[in-house]
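One letter stands for each residue in the lines below.
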Amino acid sequence: MSTTLIKNATVVNEGRMQQASVLIDGDIISDIFTSAPLPEADNVVDAQGRWLMPGAIDDHVHFRDPGLTHKADFTTESRAAAAGGVTTVFDMPNCIPQTTTLEAIEDKFKGASDCCLVNHSFYLGATHDNLQEIERIDPSRICGIKLFMGSSTGGMLLDDKESLKSLFRAATVPVAVHCEETSIINANMERYMQECGGEPPIQYHPLIRSEEACYVSTAKALEVAAGTNVHLHILHITTARELGLFGNGPLESKQFTAEACPAHLWFTDADYKTHGTYIKCNPAIKTAADRDALRKALTNGVIDVVGTDHAPHLFLEKEGGCKTAASGIPVLPYSLPVMLELTDQGVLGLTDVTRLMCHNPAQLFKVKERGFIRKGYKADLTLLSHSNEGWTAGPDNNPTKCRWSPFEGQQFHWHVDTTWINGHAVYNDGKIDNTVYGQQVTFNR
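Visitor: In this structure, what is going on with the overall build of the protein? I would like to understand it.
Guide: On a plain count of helices and strands, the protein comes out with 13 helices and 17 strands. Seen through its C-alpha atoms, the protein measures out along the principal axes to roughly 70 × 50 × 40 Å. Relative to all contacts within the protein whose residues are 6 or more apart in sequence, the contacts with residues 24 or more apart total 74%. Counting every atom, the protein has about 16,500 Å² of accessible surface; 47% of that belongs to carbon and sulfur. The positive charge centre, built from 38 side chains, and the negative charge centre, built from 54, are 2 Å apart in the protein.

Visitor: Quick question: what am I supposed to make of the sheet that holds strand S13 (residues 305–306) here?
Guide: Two strands in a sheet stick together by hydrogen bonds in their backbones, pointing the same way (parallel) or opposite ways (antiparallel). Strand order in the open sheet formed by eight strands is S6-S7-S8-S9-S10-S11-S12-S13, with parallel pairing between adjacent strands. Here the strands that pair on one side only, and so sit at the sheet edges, are strand S6 (56–61) and S13. Inspection of the sheet shows strand S9 (residues 144–149) paired to strand S10 (residues 175–179) by five bridges, in the parallel sense. In the strand pairing of S10, phenylalanine 148 is matched with histidine 178. Most of the contacts of helix H2 (residues 102–112) go to strand S8 (residues 119–125), to which it runs at about 160 degrees, and overall it touches strand S7 (86–91) and S8.

Visitor: I tried to follow the packing of aromatic side chains on my own but got confused; where do I start?
Guide: Each pair of aromatic rings is reported with the distance of its centres and the angle of its planes. A full pass over the atoms with the stated rule returns 17 aromatic pairs. With a centroid separation of 6.3 Å and an interplanar angle of 40 degrees, the aromatic rings of tyrosine 334 and tryptophan 391 are classed as tilted. With tyrosine 334 in the loop between S13 and helix H12 (335–344) and tryptophan 391 in strand S14 (residues 381–392), this pair connects stretches of sequence that are 57 residues apart. Accessibility assignment for this pair places tyrosine 334 and tryptophan 391 in one class, buried. Taken together through their ring pairs, the aromatic side chains of Trp266, Phe267, Tyr334, Trp391, Phe407 and Phe412 make up a single cluster. The ring centre of tyrosine 215 lies 3.8 Å from the NZ or CZ of arginine 241, which sits over that ring.

Visitor: Before we go on, may I ask you to explain the side chain of threonine 268 in this structure?
Guide: Along the chain, the position of threonine 268 falls in the loop between helix H9 (262–266) and helix H10 (272–275). Those residues within four positions of threonine 268 in sequence are excluded, and the remaining contacts are Ile279, Ile285, Lys286, Thr287, Ala288 and Arg291.

Visitor: What's the story with the pairing of strand S3 (residues 28–33) in this structure? I'm lost.
Guide: Residues in a regular strand project their side chains so that they alternate between the two faces of the sheet. Looking at chain direction, strand S2 (residues 16–25) and S3 are connected through five bridges and run antiparallel. By the bridge assignment, serine 21 is partnered in S3 with phenylalanine 33. Once S2 ends, the chain turns through two residues before running back antiparallel as S3, passing glycine 26 with a positive phi of about 65 degrees.

Rules of the game
- Residues numbered from 1 in each chain as written.
- Predicted model: local features only at pLDDT ≥ 70, side-chain atom pairs only at ≥ 80, totals over all residues.
- Heavy atoms only, no water.
- Helix = DSSP H or I, 4+ residues; strand = E, 2+ residues; numbered from the N terminus.
- Contact = heavy atoms within 4.5 Å.
- Areas by Shrake-Rupley, 256 points an atom, 1.4 Å probe, with all protein chains shown as cover.
- Lys, Arg positive; Asp, Glu negative; His and termini not counted.
- Charge placed at Lys NZ, Arg CZ, Asp CG, Glu CD.
- Pairing = 2+ DSSP bridges.
- Axes fitted to C-alpha atoms, helices over the stretch in contact; angles between N-to-C directions.
- Phe/Tyr/Trp six-rings, centres within 6.5 Å; stacked < 30°, edge-to-face > 60°.
- Buried < 20%, exposed > 50% of the residue type's maximum accessible area, 1.4 Å probe, protein only.
- Lys NZ or Arg CZ within 6 Å of the ring centre and 35° of its normal.

Given below as structure tokens:
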């Protein structure tokens, strides 16, 4: 095993920024130096004028593998993750077959073992009839349970209170929830189909998958979970109204936590005019007021985690309107640049970015020895630079299989230079080394 010294970096970690050098030995951070002398190493990276952060932990991705690999797979999307400074991903169960059994989980681990470049774990999808599988989960290996309380994904909808209560009582891992009330969505769709004389255009998407649909479902989830010991993690919050359901205390004291996504922090419903179905996702991107409330919640303790909901589709699958165009957008290569761009706009600070994208995901899911720059932790690191000239997002810097993103054409001023995963520079200066694969994540539970 070789050693690497990253010297003279501005280290952004655990609420502070300081000049420091980090020594990697094999796959471990072996030491951190804040002054000379520095040790010798097999490889030396001079990071003067650049920023070193822990690798991001994305708690919410759809890699489409197995079964939907015409649009994404473990190889292509893990490349995109590394290019975006993401070193660990938790993958969702809505693939083919759906990951609703422990056998299916093991198949995904096996499938990722020799092609996924980033560290990984997988959610077990909740259904009406797999409570026994949920009770058999190994909490040290499985990141969580995914619960769909909305009509986003067929076959895994679970929204009756009795079934929810049984699930929450049985869960020994966090339950990550997609909250939208199906009856409200269906009624809205019928109303606007009649009003439009057919399929509504994309501008109606946030009216169909409305604020009310989100709020009613989220409130229901929290109500049913009260009195159980479950850790409920509400995914992709989109409305200011929902934020009022959550506290702003320290993460370790929270039973209910909230995730925001870069798309909902960047776009508003006005952007449907220019981006059309390419920003169609569930829950829908909503008003500027909702976006501004989400942005404020990044720093007031209400939003705990930023995850991407990276969900690739082919161009052809995005054709249509509110009913027929596929919902979901590819985000991974640009999630960290988006959040860092918001620091230039004064929305949040660099230490907030590491808290939301590195530290808090590690703490919330109890990830073992990742998410922080600490001696003895895994060497998952991201080196960043900043320039006034900036760079432009486009197909040439997008390693996803679908090769498009709604962020295409956007200029960013922060750039991911190098991503180390378990001490290995998987991404460096635009080049990807696929000779070493990511590890299974383990959890301290």
